[in-house]
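# A closer look at the structure
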Amino acid sequence: MNAPLPLATAIASPTEWLLDEKTRFLNHGSFGARLRRVALAQRAYQDRFEAQPLAFLDREGPALLRAARLKLGSFLGMNQADFGFTSNATDSVATVLRSLRFEPGDEVLTTDHVYNGVRQAVRHILAGSGATLREVPLAVPATTAGVEATLAEALSPRSRLVLVSHVTSPTGLRLPVERIAANCAARGVDVLVDGAHAPGMLDLDIAALGVPFYAANLHKWLGAPMGAGLLWVHPERQPEIHPHVVSHNVGLGLATEFEWQGSRDISPWLTAADAVAIAGELAGPGGWPAIRSHNRALATWVQRMLCQCWEVEALSPLDGSMLGSMAALRLPARARERFPSPAAFLEALRGELPVEVPCFEWNGEWLIRPCCNVYNRAEQYQELGQAVLETLA
Ligand SMILES: Cc1ncc(COP(=O)(O)O)c(C=O)c1O
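About the thresholds
- Residues numbered from 1 in each chain as written.
- Predicted model: local features only at pLDDT ≥ 70, side-chain atom pairs only at ≥ 80, totals over all residues.
- Heavy atoms only, no water.
- Salt bridge = Lys/Arg side-chain N within 4 Å of Asp/Glu carboxyl O.
- Helix = DSSP H or I, 4+ residues; strand = E, 2+ residues; numbered from the N terminus.
- Buried < 20%, exposed > 50% of the residue type's maximum accessible area, 1.4 Å probe, protein only.
- Near = heavy atom within 4 Å.
- Polar contact = N/O pair within 3.5 Å; in protein donor to acceptor, adjacent residues only side chain to side chain.
- Nonpolar A, V, L, I, M, F, W, Y, C, P; charged D, E, K, R; others polar.
- Domains from an automatic or database assignment.
- Contact = heavy atoms within 4.5 Å.
- Buried area = accessible area lost by both parts, 1.4 Å probe.
- Lys, Arg positive; Asp, Glu negative; His and termini not counted.
- Pairing = 2+ DSSP bridges.
- Axes fitted to C-alpha atoms, helices over the stretch in contact; angles between N-to-C directions.
- Left-handed = near helix turned anticlockwise from the far one by under 90°.

Glancing now at the pattern of salt bridges. Taken as a whole, this structure holds 18 salt bridges when the rule is applied. Residues arginine 69 and glutamate 259 are paired through a salt bridge, measuring 2.7 Å at the closest nitrogen-oxygen approach. Of this pair, arginine 69 sits in helix α3 (residues 53–76) while glutamate 259 sits in helix α8 (residues 254–259), placing them 190 residues apart in sequence. Look at glutamate 259 and you get buried, because its relative accessible area is 10%.

As a further point, take the site of the ligand. Neighbouring the ligand are 13 residues, the closest being Thr90, Asp194, His197, Asn217 and Lys220. The separation between an oxygen atom of the ligand and a polar side-chain atom of serine 169 is 3.4 Å. Within the side chain of asparagine 217, an N or O atom sits 2.9 Å from an oxygen atom of the ligand. The class makeup of the residues in the shell around the ligand is 5 nonpolar, 6 polar and 2 charged.

Turning to the domain arrangement of the protein, a few remarks are in order. When the domains of the protein are assigned, the result is domain 1 (10–26 + 286–392) and domain 2 (39–277). Contact residues are listed per partner, giving 27 residues for domain 1 and 28 residues for domain 2. The junction of domain 1 with domain 2 conceals about 2100 Å² of combined surface from both sides, 61% of it contributed by carbon and sulfur atoms. Inspection of the region where domain 1 meets domain 2 yields 1 salt bridge. Close ionic contact of aspartate 203 with arginine 292 constitutes a salt bridge, the shortest N to O distance being 3.6 Å. At the junction of domain 1 with domain 2, the criterion picks out 7 residue pairs in polar contact (both at pLDDT 80 or more).

Take the side chain of arginine 34 next. Mapping arginine 34 onto the fold places it in the loop between α1 (28–31) and α2 (36–51). Within the buried core, arginine 34 has no salt-bridge partner, and the shortest N-O distance to an opposite charge, that of glutamate 356, equals 13 Å. Excluding anything up to four places from it in sequence, arginine 34 contacts Trp17, Leu18, His219, Gly223, Ala224, Pro225 and Met226.

With that out of the way, let us pick up the sheet that holds strand β12 (residues 365–368). Spatial ordering of the open sheet is given by β9-β12-β11, a layout of 3 strands whose pairing is antiparallel. The open sheet terminates on both sides in strands that have one partner only, identified here as β9 (329–330) and β11 (359–362).

The N-to-C vectors of α3 and helix α9 (residues 267–282) enclose an angle of 40 degrees; their axes lie 8 Å apart at closest approach. Relative to α9, α3 is oriented so that their crossing is left-handed. In this structure, α3 uses Phe56, Leu64, Leu65, Ala68, Lys71, Leu72 and Phe75 to contact α9, whose residues at the interface are Trp269, Leu270, Ala272, Ala273 and Val276. In terms of residue class, the contact of α3 with α9 is built from 11 nonpolar, no polar and 1 charged.

Quick look at the environment of proline 62 now. Within the secondary structure, proline 62 sits in helix α3. Accessibility expressed as a relative area gives 37% for proline 62, which makes it partly exposed. Among all residues touching proline 62, those that are not within four sequence positions of it are Leu57 and Glu259.

The following block contains the structure:
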């Protein structure tokens, strides 16, 4: 299997991005990265606000936000009225958990691949309600059918809500949310998808997934500025859901209510819609489908190449059927023998190679999760493979 070639369009040029080229940046998944043109677009909104604060926020703001929702909605499969802007995916998840009413004995189900910050937020919100969070272990190597069956078997009469990542944070796995949604709907259980990584990574049609709630980040794979998240809610469930900060627009409909959570900088939300257009344009005639398929092909190649290089077993099928734009891998077992912690290993690795890549312990295993985006090159992962071996030599 050969490494995919870089896209032959402007978006693949590192000079279009704000990243410092001295570092091999293999960690798009944490906070994303911005194109220069996206940063300029945000600056222009902020300048307009500073020049005419009232005109921009009070008089032009609602129309600008509606236009941004229309563009993002058409890109991600949502009616513009059916989602609200939030700060980030954690905010969106917490909004749903705080809005729903849980009874003592209710159970929120998630998996042991949940993002830790979300795990903590849910535990905190449920504390004192009498409802509990139960984590269902999903075995690795994972399969799509295995994930679906494990979660279906885990449902109980107490299950009230299933919280599932569309793409898991520690393991980079794309979970079958449509199948999970169908199984939960048949049992009358709500599903909240944590789609922090999904916009820009997956070809999304959010309203068609069959879930009542979908939380997402726009600053990761969509390349929007920090501070851009969203929460999509099925129309029938919208009266139940309110932002943490309720203000003038309460009762005016989900999208309108979320657009005024007290006065705040709306530029990340407006720029998110521009980020879709800018990246699509820089990607040339292939647009976003070309970006997504390049990144997935690269992640699939990276998974196979590093499994061979380090002689480790993959966490998911080698055909890439459970991957998006990230591939989490086990580190060779001797990493644990040589280093006291993943952080210590990473520090030594960074002494070998100026690289930014997440490395952490998950379920007693040491994992590394290289991310793949259009500005990355196959050689960077080969260098990573060698640098890991040299760090462990
Ligand atoms: C699956 C998942 N959920 C939620 C988050 C949290 O994102 P944020 O801190 O932007 O809310 C992350 C961050 O990496 C994530 O991977």
